[in-house]
Number of protein chains: 2
Amino acid sequence: MGDRTELEFRQALVELVPAGATLLAAVSGGGDSVALLHLLARAGRRRLVVAHLDHGLRRGSAGDRRFVESLAGRLGLDCVSARRDVAAERRKDESPEEAARRVRRAFLSETASAVGAEHIATGHTLDDQAETVLMRLVRGAGATALTGIAAAGPGPWVRPLLGIERSDLRRWLEKRGLPFREDPSNRSARYDRNRLRLRVLPLISRELNPRASRHLVRAARALREDALYLDALAGELAERLCRVGPGARVALDAAAWSEAPSVLRRRVARLALERAGVDPRRIGSRHVEALIALCGAPGGSELHLPGRRSARRLGGRIEIGGA
Amino acid sequence: MGDRTELEFRQALVELVPAGATLLAAVSGGGDSVALLHLLARAGRRRLVVAHLDHGLRRGSAGDRRFVESLAGRLGLDCVSARRDVAAERRKDESPEEAARRVRRAFLSETASAVGAEHIATGHTLDDQAETVLMRLVRGAGATALTGIAAAGPGPWVRPLLGIERSDLRRWLEKRGLPFREDPSNRSARYDRNRLRLRVLPLISRELNPRASRHLVRAARALREDALYLDALAGELAERLCRVGPGARVALDAAAWSEAPSVLRRRVARLALERAGVDPRRIGSRHVEALIALCGAPGGSELHLPGRRSARRLGGRIEIGGA
């Protein structure tokens, strides 16, 4: 088992980070990131620096910091660690998790620049991916649920564990007697993500299929490829059918648009609204359906849109612009 | 709430069953099918006959039969009921649920013919749909997970409750004081479907999102439309690129095929294998990937396929035929 895990890791790493690059490894001290660090150290061929942020959010965090610093020392690696008061830095519109994430990402980006690292590796696993997909699916993200977590990007971020299950990583560590820290906040049911991780997915694995996470991730990948290809087709079609004028005023060829297959028609509606300056986050399926209905409506019919924009049926066109 | 449920039902019914048709309603006596029967009776405009099968699998089933017969009588409807010994009729390769399903479907089909019903309505709800999608996703059905349950077909079957949540139907019944029978086997954790219904989906609703089932079904519908459109594009492409010869020997234009976008390339591979007589249930993603890899392989390279078929690289073609 250990060898298969290590092989999978090296295949992923080769695709993500070229030999000779400098890599910053984000290590909290938990099982995932400790496995990441050992696997990176064993893979060699890249300069490796360890980064650890103490979020100052709970007792025991100083112990995590000492653990990571000492692990880096034993592996002969440089380690940059810092303590930040995330609670104090939290902005009004942020949840505690959002604040922790923002501060952590800023710390890692700054540290990468300071040590000359081209890449930052994090310990996201296949289970994180399955959790993300399932969470978005049941919350109504629709097709965008499948976007999930990318193995690379944006920018310097890479996630070489994304195809590996957490349980395989734990076994890999145990087999070699490699210790890690338990983060008690991972066990708290205060966070949705933890409830999914601690209750929902284990129940699905136990009751329905032990490989549920892997199956979910695989299905999401296939469906995402379908969606991306259709997005590209719709982009070409929108390019042909939309004329963008001054003030982001969009004129859409109604006849050609209403003849497109419905999976493209809906995507083109979304793109036309975006080009006309409607905030993408505020475009719901009811706006898309209403814009499509406008094609069959009498000339002069009007539709009110978010952000004080509106759409009008004028001759053979749908015009979208300021209300 | 009651009125919205009834309105949703009537809209679905109009699309599924024309006025004047004769409809057989499959009624177990449980909440879903009792709601179906009342909603159908109130909608009128169709001749309605009730069918009930006593599977003879558990105590209390005779009481269900009397309940359904008496309900049909009070509604002034004909009722065809029968008792079958499903345990005795079970075939070797069937689970008890599969046997019950087969015997029940045969009984309903025969009864529909006998009473001259063009359609058979069953009580499948939006929750059944969500359960089906989630069950298939976590079991590795991949993109086909999203096929789900169809509102109409095959043949005479229609499912007018498929867009309505079970909890809305229960409220609709309660508000009118309409009784139904509790099926104790619905509470048994012996069946995967029940574990999903009784444990997994309630946990997801409670922990993550109360409208999880509706969101899952909506995402599945959008993704299914994407997949069907790509299936159609791939069908056209396969038509152009495959030449089928004697003995289901298929010649595939390797150059044109390898230039197709990957979401179409994979689908065309599947279609080519099916046309060459490979059993669709035995075509896995590794066969699809291996066939694609054959495009880049040296001439004469060979690939062994299920059912003693094989594929060979010959000049500009991939030939699939008997091994």
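Residues numbered from 1 in each chain as written. Chains lettered and ligands numbered in written order. Predicted model: local features only at pLDDT ≥ 70, side-chain atom pairs only at ≥ 80, totals over all residues. Heavy atoms only, no water.

(A) View of the sheet that holds strand E8 (residues 302-305) of chain A. Residues and elements named next belong to chain A. Read across the sheet, five strands follow the order E6-E7-E10-E9-E8 without closing on themselves; strand pairing throughout is antiparallel. The sheet terminates laterally at strand E6 (242-245) and E8, the two strands that pair on one side only. Strand-to-strand twist across the sheet, computed as the mean angle between neighbouring axes with direction ignored, equals 20°. Bridge count for strand E7 (residues 249-253) against strand E10 (residues 317-322) is four bridges, and the pairing is antiparallel. Bridging across to E10, Asp253 finds its partner in Arg317. This element, helix H9 (residues 212-241), spans E6 and E7 of the sheet and lies at about 60° to E6. (Pairing = 2+ DSSP bridges. Helix = DSSP H or I, 4+ residues; strand = E, 2+ residues; numbered from the N terminus. Axes fitted to C-alpha atoms, helices over the stretch in contact; angles between N-to-C directions. Contact = heavy atoms within 4.5 Å.)

(B) Layout of the relation of the copies chain B and chain A. Each copy of the sequence occupies a distinct position, and chain B is placed on chain A by a rotation of 180° and an axial shift of 0.1 Å, giving an RMSD of 0.2 Å. In short, the pair behaves as if placed about a two-fold rotation axis. A high fraction, 100%, of the interface residues of chain B reappear at the interface in chain A, so the copies pair face to face through one surface. (Least-squares fit on C-alpha atoms with pLDDT ≥ 70 in both.)

(C) How the structure looks around the packing of aromatic side chains. Evaluated as defined, the whole model comprises zero aromatic pairs over all chains. Above the face of the Trp157(A) ring, Arg105(A) is positioned so that its terminal group lies 4.2 Å from the ring centre. (Phe/Tyr/Trp six-rings, centres within 6.5 Å; stacked < 30°, edge-to-face > 60°. Lys NZ or Arg CZ within 6 Å of the ring centre and 35° of its normal.)

(D) Inspection of the packing of H9(A) against helix H9 (residues 212-241) of chain B at higher detail. One way to put it is that H9(A) packs onto H9(B) with a least axis distance of 10 Å and a crossing angle of 70°. Judged by the angle between their axes, H9(A) and H9(B) are roughly perpendicular. Counted together, Leu223(A), Asp226(A), Ala227(A), Tyr229(A), Leu230(A) and Leu233(A) of H9(A) and Leu223(B), Asp226(B), Ala227(B), Tyr229(B), Leu230(B) and Leu233(B) of H9(B) form the full contact between these two elements. Taken together, the residues of the contact of H9(A) with H9(B) sort by class into 10 nonpolar, no polar and two charged. (Parallel < 35°, antiparallel > 145°, perpendicular 65-115°, else oblique. Nonpolar A, V, L, I, M, F, W, Y, C, P; charged D, E, K, R; others polar.)

(E) Summary view of the domain arrangement of chain A. Once the domains are mapped, chain A shows domain 1 (2-124 + 159-183) and domain 2 (225-322). Relative to domain 2 of chain A, the C-alpha centre of domain 1 of chain A lies at a distance of 44 Å. (Domains from an automatic or database assignment.)

(F) The side chain of Arg159(B), seen in detail. Residue and element names in this part refer to chain B. With respect to the secondary-structure elements, Arg159 resides in the loop between strand E5 (157-158) and helix H7 (166-175). Look at Arg159: it is buried, it has no salt bridge, and the nearest opposite charge is Asp128 at 9.0 Å. Polar side-chain contacts of Arg159 include one of 2.8 Å to the backbone oxygen of Gly153. Excluding anything up to four places from it in sequence, Arg159 contacts Leu16, Arg105, Thr122, His124, Ile149, Ala150, Ala151, Ala152, Gly153 and Pro154. (Buried < 20%, exposed > 50% of the residue type's maximum accessible area, 1.4 Å probe, protein only. Lys, Arg positive; Asp, Glu negative; His and termini not counted. Salt bridge = Lys/Arg side-chain N within 4 Å of Asp/Glu carboxyl O. Polar contact = N/O pair within 3.5 Å; in protein donor to acceptor, adjacent residues only side chain to side chain.)

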